[in-house]
Amino acid sequence: MKPSRAVFGTQSRLLRDFIADSLYNLQYGYFSKQAPVGFLNPPIDFSTLPSRAAYFAEVQRRYTALQVAWLTPTEIFSPHFGASIARYLTTQHLSNSNTVSSTNNNNFKASSTSTNTGNENAHPPLIIYELGGGTGTLARDILNWLRQYAPKVHATCQYTCIEISPTLAELQYTRVVVEQGGVHEHQFQVVRGDAAEIETWEKETIDRRENVLSYRMEGEPCFVVAMEVLDNLPHDKVIYSTEKTSAGNTFSSSTRDEGNGGRWLEASVAESFGNTGDKSNSPASLYKEIYTPVNDPLIHRCLQTWLEREATTRNEHELSSFLKSIFQKIIDVVAVDGGVGTSRRHGIGSSAIFLPTGALRLFDTLHKVRPNHRLLAADFDFLPETVIQGENAPLVATTIDGVTKDYGSYLVQPGVADIFFPSDFELLARLYDQRCKTQSRSGVERGVEGGGGGARYMKSKDFFEKWAEVDVNKKRRKTRCRDGYDPLLEDYSNTAFLVS
């Protein structure tokens, strides 16, 4: 990710650039040095687990055996998680021409191989872009499901993983193509790069087969899939201040709200003047945060949308009057408990707000390079035991010898720890819809239909209740334990889907 400001030394850079460097720098970034996400081999056979307790014991056993930092829902529930995504994508894809109406695996296979064969052949290929494909498990499971239940869709499917990590890119190709005996060789490829960079989408494909399919048809309908990606996208931090001056900072009067004398400030990170090579990972010895009036366009757009959402939440009918009152409301909150208020969403006291500027930047890019895409993203909407203060504050953690180590700050040595945020799906849906409206207006002018729109979010349980596989013989979901506990629906209750 290209920095928005000059890099370290005597200069500062926005928090999102510091986080991007910490996670994705090709030399020392957290995801470049290692593959912190593990995969299960063999997968868990849920039908053999007698109870909820047995499920958690099995997951813990796998963690201990693998010695990895994380096992995502995609990995834990493989292949059933991927099969659910495949059923959703294929049904949505074919329903555009009324090719299929059933969501049952057996009925779907029958409809897609018999009475509707002609329609299916005439249908354009299913084009899927997966952002941050992890270990390749999701791509493998989706393509395996297509090959079994929708072979004609599989035959023309074009599946691309956009991956910034060279280690994970190599792993994805190995697991999807090599380990599957080449059955997906003509469907799958990996493109190295940052999905938020337009240049990544303009690259020639990096692929090992001779006949590379063209993925550069900008106007073609396609799906963009992002599982456990939003949480690792860089965020920015803003605070509201009524201070006229602050040590080391100069505030512009243009950012002042005349009614209360306050202003919104954006956070930047600079090397601490006391940093003499100390590697203790103490924030005081490494980096410091400085605050200046909001000037960055992405931060401004995110903050404006956040304020508009707050106005709607408070049933304010006129945004102009609300903007004058919210400053005082925030001041009142901050005044509680000696200067630390309470975040109503995540229970963390602070006047700070972490804004998803990385996600907004990604939305901008997607609408430029693939205007007719549909988005399917899933992630955590709440993170427990967050010690960093602020609304939508991140967890900072790593695993050392199988033991999780948490940090009290994100200002640690870059590459040392994972930095991941809860996803504010309501705010993300608003940001996405606003970008779609802009795209639609510009699309009319150039004759291209604006893509996406109508973003909505739902809890993961609601998504999987509709799309998860059902064992026809046992008449229950394939992730259900013998005592009736279904971890796919009940375990990760702090996750949600964003669908456009």
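Residues numbered from 1 in each chain as written. Predicted model: local features only at pLDDT ≥ 70, side-chain atom pairs only at ≥ 80, totals over all residues. Heavy atoms only, no water.

Sorry, what's going on with the nonpolar core here?
One recurring pattern in soluble globular proteins: nonpolar side chains tend to sit buried together. Ranked by internal contacts, the top residues of the largest apolar core, which has 58 residues, are Y55, I85, Y159, F188 and F497. Membership of the second largest hydrophobic core comes to 44 residues, among which are Y129, F363, L427 and A429. (Core = buried A, V, L, I, M, F, W, Y, C linked by side-chain atoms within 4.5 Å. Buried < 20%, exposed > 50% of the residue type's maximum accessible area, 1.4 Å probe, protein only.)

Would you mind going over helix α8 (residues 137–149) with me for this structure?
Residues spaced three or four apart along an α-helix point in a common direction, a consequence of the helix completing one turn every 3.6 residues. With 13 residues, α8 ought to run about 18 Å at 1.5 Å a step, and its terminal C-alpha atoms sit 18 Å apart, in line with that. For α8, the tally of buried residues reaches 10 of 13 residues, placing the bulk of the element in the interior. If you check which residues of α8 are buried, you get T137, L138, A139, R140, D141, I142, L143, W145, L146 and Y149. (Helix = DSSP H or I, 4+ residues; strand = E, 2+ residues; numbered from the N terminus. Expected span 1.5 Å × (residues − 1).)

Would you mind showing me how to read unusual backbone geometry here?
Negative phi is the rule for most residues except glycine; trans is the rule for most peptide bonds. Following N41, the chain continues into P42 via a peptide bond in cis, with omega recorded as 5°. Counting through the fold element by element, P42 comes out in the loop between α2 (30–33) and α3 (52–66). For the bond from S78 to P79, the omega torsion is 0°, close enough to zero to count as cis. Residue position: P79 is located in the loop between α4 (73–76) and α5 (80–95). Look at E385: it is not a glycine, yet its phi comes out positive at around 60°. The residue N392 is not glycine, and still its phi comes out positive at about 60°. Mapped onto the elements of the fold, N392 is located in the loop between β10 (373–380) and β11 (395–400). By relative accessible area, which is 2% here, N392 ends up buried.

I would appreciate a short explanation of the side chain of K237 in the present structure.
Mapped onto the fold, K237 is located in strand β6 (residues 236–241). Within the structure, the side chain of K237 is placed 3.3 Å from the side chain of Y410, a separation counted as a polar contact. (Polar contact = N/O pair within 3.5 Å; in protein donor to acceptor, adjacent residues only side chain to side chain.)

Honestly, the packing of aromatic side chains in this entry has me stumped. Any pointers?
We describe a pair of aromatic rings using the distance from one ring centre to the other and the angle between the two ring planes. If you walk through the whole model with that rule in mind, you get 26 aromatic pairs. Summarising the aromatic geometry, the rings of F18 and Y287 are spaced 5.2 Å apart at their centres and angled 70° between planes, so their arrangement reads as edge-to-face. Of the two residues, F18 is situated in helix α1 (residues 15–24) and Y287 in strand β8 (residues 287–293); the sequence distance between them amounts to 269 residues. Residue class for F18 comes out buried when judged on its relative accessible area of 0%. The class of Y287 is buried, set by a relative accessible area of 8%. When the ring of F363 is compared with that of Y432, the centres are 5.2 Å apart and the planes differ by 90°; the resulting orientation is edge-to-face. One end of the pair, F363, is in helix α15 (residues 357–369); the other, Y432, is in helix α16 (residues 425–446), with 69 residues separating them in the sequence. Looking at F363, the relative accessible area reads 1%, which means it is buried. (Phe/Tyr/Trp six-rings, centres within 6.5 Å; stacked < 30°, edge-to-face > 60°.)

Is there a simple way to think about the pairing of β6 in this case?
On a regular strand, one side chain projects to one face of the sheet and the next to the other, so that they alternate. Extensive coverage of β6 is indicated by the burial of 6 of its 6 residues. Neither face of β6 is exposed, since D236, V238 and Y240 on one face and K237, I239 and S241 on the opposite face are all buried. Alignment of β6 against strand β9 (residues 353–355), held across 3 bridges, turns out to be antiparallel. Considered in β9, the bridge of D236 is made with L355. Pairing analysis gives 4 bridges linking β6 to strand β7 (residues 263–271), with the strands arranged antiparallel. The residue of β7 that forms the bridge with S241 is R263. (Pairing = 2+ DSSP bridges.)

Hey, could you run me through the pattern of salt bridges in this one?
Any two side chains of opposite charge can pair, given that their charged atoms come close. Across all of its chains, the model carries 16 salt bridges by this definition. A salt bridge links E58 to R61; its shortest N-O distance comes to 2.8 Å. Remark: R61 and E58 occur in helix α3; sequence separation between them is 3 residues, near one turn of the helix. Residue classification places E58 among the buried positions, given a relative accessible area of 15%. When salt bridges with common partners are traced through the structure, they connect R309, E310, D424 and E426 into a single cluster. (Salt bridge = Lys/Arg side-chain N within 4 Å of Asp/Glu carboxyl O.)

Would you explain the sheet that holds strand β13 (residues 418–420) in this entry?
Whenever strands of a sheet pair, they do so through backbone hydrogen bonds, lying parallel or antiparallel. Across the sheet, which stays open at both edges, the 3 strands sit in the order β12-β11-β13 with antiparallel pairing between neighbours. Two strands close off the open sheet at either side, each with one partner strand: β12 (403–407) and β13. Taken over all neighbouring pairs, the strand axes of this sheet differ in orientation by 30° on average, direction set aside. Strand direction decides the pairing type here: β11 and β13, joined by 3 bridges, are antiparallel. If you follow V396 over to β13, its bridge partner there is I419. (Axes fitted to C-alpha atoms, helices over the stretch in contact; angles between N-to-C directions.)

So far we have only geometry, and geometry alone does not tell us how the molecule works.
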